[in-house]
Amino acid sequence: MKTAISLPDAIFEEADAVAKRLGMSRSELYTEALKVYLQRYNREQILFKLNEVYPQESSKLDPVMSKMQFMSLQREDW
């Protein structure tokens, strides 16, 4: 999809230089940069939601489940 955006001159020039160094078009650079930003944003949103839930819910481990998990680990000699 084509779209038009406005960028400050300094950002445009720096992005153009980076795209040339990487051997990619500006469109490819902007797409990759936006993907990274969206992934980080989505992770932050998930963390935000988890942080909202945990103060309301107990995070205490069930002792039986904890023991079962421990017993399922392979024994290692150190």
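What you see is a predicted model, and the numbers here were worked out from it, not measured in a lab. (Residues numbered from 1 in each chain as written. Predicted model: local features only at pLDDT ≥ 70, side-chain atom pairs only at ≥ 80, totals over all residues. Heavy atoms only, no water.)

Undergrad: Help me out: how do you make sense of the overall build of the chain in this one?
TA: The helix and strand tally for the chain stands at three helices and zero strands. Secondary structure elements of the chain, listed N to C terminal, follow the sequence α-α-α. Relative to its length of 78 residues, the chain is extended, with a C-alpha radius of gyration of 23 Å against a globular reference of 12 Å. For the chain, the C-alpha atoms occupy an extent of roughly 60 × 40 × 25 Å along the three principal directions. (Helix = DSSP H or I, 4+ residues; strand = E, 2+ residues; numbered from the N terminus. Rg over C-alpha atoms; globule rule 2.2 N^0.38 Å.)

Undergrad: Any chance you could explain the packing of aromatic side chains here in plain terms?
TA: Two measures describe an aromatic ring pair: the distance that separates the ring centres and the angle between the ring planes. What the rule picks out here adds up to one aromatic pair. With a centroid separation of 6.4 Å and 15 degrees between ring planes, the pair formed by Tyr37 and Tyr41 is classed as stacked. Taken as a pair, Tyr37 and Tyr41 lie in helix α2 (residues 26-53) at a separation of four residues, close to a single helical turn. (Phe/Tyr/Trp six-rings, centres within 6.5 Å; stacked < 30°, edge-to-face > 60°.)

Undergrad: Whenever I open this one, the pattern of salt bridges confuses me. Can you help?
TA: Pairing between side chains of opposite charge can happen when the charged atoms of each approach one another. Inspection of every chain in the model, using the stated rule, returns three salt bridges. We note a salt bridge from Asp16 to Arg26, for which the minimum N-O separation is 3.0 Å. With Asp16 in helix α1 (residues 9-22) and Arg26 in helix α2, this pair connects stretches of sequence that are 10 residues apart. Look at Arg26 and you get partly exposed, because its relative accessible area is 37%. Put simply, Lys35 and Glu32 hold a salt bridge, and the shortest N to O gap is 3.3 Å. Of this pair, Lys35 and Glu32 both sit in helix α2, three residues apart, which is roughly one turn of that helix. (Salt bridge = Lys/Arg side-chain N within 4 Å of Asp/Glu carboxyl O. Buried < 20%, exposed > 50% of the residue type's maximum accessible area, 1.4 Å probe, protein only.)

Undergrad: Teacher, can you tell me more about the environment of Leu50 here?
TA: Relative to the helices and strands, Leu50 resides in helix α2. Given the relative accessible area of 40%, Leu50 is considered partly exposed. Expressed as a C-alpha distance, the spacing of Leu50 and Ala15, which sit 35 residues apart in the sequence, is 35 Å.

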